[in-house]
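Here is how the chains run, residue by residue.
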Amino acid sequence: MPYSPALPTIAEAIQASLSPVFVLAGIGALLNVLTGRLSRVIDRVRALEERHGGIDMVERERLVWELRRLAKRMRVINAALFLAVASAVATCVVVAMLFLGALTRSHIGHYVAFSFILSMSLLIASFIAFMVEVRLSSRTIRVRDDLLH
């Protein structure tokens, strides 16, 4: 008779995979925030590009400066998105390996641990990129002094 895993074994694999699944939910929320920020940057770039013609030199310099800043923000957001998606993929690999190990009675704990560490490292890098983008964004915004008084 072929091997069939016991129900408790499958239940244990499901329990073990719950934490990585919650991590996936968090990564999904991060991806939502990042794509929202990217959309806002893209909208701003389009608005500035429409204004590019028929303006004086001083205004053009300011516009070019802002477009460069927005391009940098887009690069950082795209990097954060890539890292977050890579983290999600590594987390999915963790869940798959948990089930694979339970179903085949394989001793793959080292691979599971490595994949989880990789996933967390990628997620940390994504959060760092997100912090960098937020800093870039906050440095771009300047409130005129005459509006404060």
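The structure this text deals with has already been given above.
Computed from a predicted structure; not experimentally measured.

Enquirer: Before we move on, could you go through the overall build of the chain and cite the residues and values that matter?
Expert: Scanning the chain for helices and strands turns up four helices and zero strands. Starting at the N terminus and walking to the C terminus, you meet the elements of the chain as α-α-α-α. The buried share of the chain, taken over its 149 residues, is 30%. Within the chain, counting contacts between residues at least 6 apart in sequence, those at least 24 apart form 79% of the total. When the accessible surface of the chain is split by element, carbon and sulfur atoms take 67% of a total near 10,000 Å².

Enquirer: If you had to explain a positive patch on the surface to someone new, which residues and values would you point to?
Expert: A cluster of basic residues, K72, R75, R135 and R139, forms a positive patch on the protein surface. Put simply, the parts of the chain that give the positive patch at least two residues each are α2 (57–104) and α3 (109–140). As for its placement among the helices and strands, K72 is situated in helix α2. Taking the relative accessible area as the measure of exposure, K72 reaches 37% and is therefore partly exposed.

Enquirer: Quick one: what's the story with the side chain of R69, residue by residue and with numbers?
Expert: Mapped onto the secondary structure, R69 falls in helix α2. Of the side chains with opposite charge, E66 lies nearest to the buried R69, which makes no salt bridge, at 9.3 Å. The contacts of R69, once residues within four sequence positions are left out, are L136, R139 and T140.

Enquirer: Just give me the short version of the nonpolar core, but keep the residues and values in it.
Expert: In terms of nonpolar packing, the biggest core is built from 21 residues, with I27, L34 and I77 touching the most fellow members. At the level of elements, α1 (7–51), α2 and α3 are the ones that each hand at least two residues to this core. With nine residues, α2 is the largest single contributor of residues to this core. If we skip the residues at most four places from it in the chain, I77 touches L34, R37, L38, V41 and E133.

Enquirer: A description of the pattern of salt bridges should follow, citing residues and the corresponding values.
Expert: The tally for this structure, following the rule as stated, stands at six salt bridges. Residue R44 pairs with E66 through a salt bridge whose shortest N-O separation is 2.8 Å. Pair noted here: R44 is in helix α1 and E66 is in helix α2, with a separation of 22 residues, a long-range link. When the shortest N-O distance is used, the salt bridge between R62 and E66 registers 3.0 Å. Highlighted residues: R62 and E66, both in helix α2, separated by four residues, approximately one helical turn.

Enquirer: Can you lay out the packing of α2 against α3 for me, pointing to particular residues and giving the numbers?
Expert: Put simply, α2 and α3 touch, their axes get as near as 8 Å, and they point 160 degrees apart. The orientation of α2 with respect to α3, classified from their angle, is roughly antiparallel. Once α2 is placed against α3, the crossing between them reads as left-handed. Considering only residue class, the contact of α2 with α3 consists of 23 nonpolar, seven polar and five charged.

Scoring rules and cut-offs
Residues numbered from 1 in each chain as written. Predicted model: local features only at pLDDT ≥ 70, side-chain atom pairs only at ≥ 80, totals over all residues. Heavy atoms only, no water. Helix = DSSP H or I, 4+ residues; strand = E, 2+ residues; numbered from the N terminus. Buried < 20%, exposed > 50% of the residue type's maximum accessible area, 1.4 Å probe, protein only. Contact = heavy atoms within 4.5 Å. Areas by Shrake-Rupley, 256 points an atom, 1.4 Å probe, with all protein chains shown as cover. Patch = residues over 30% accessible without salt bridge, like charges linked within 9 Å, V, L, I, M, F, W, Y side chains within 5 Å. Salt bridge = Lys/Arg side-chain N within 4 Å of Asp/Glu carboxyl O. Lys, Arg positive; Asp, Glu negative; His and termini not counted. Charge placed at Lys NZ, Arg CZ, Asp CG, Glu CD. Core = buried A, V, L, I, M, F, W, Y, C linked by side-chain atoms within 4.5 Å. Axes fitted to C-alpha atoms, helices over the stretch in contact; angles between N-to-C directions. Parallel < 35°, antiparallel > 145°, perpendicular 65-115°, else oblique. Left-handed = near helix turned anticlockwise from the far one by under 90°. Nonpolar A, V, L, I, M, F, W, Y, C, P; charged D, E, K, R; others polar.

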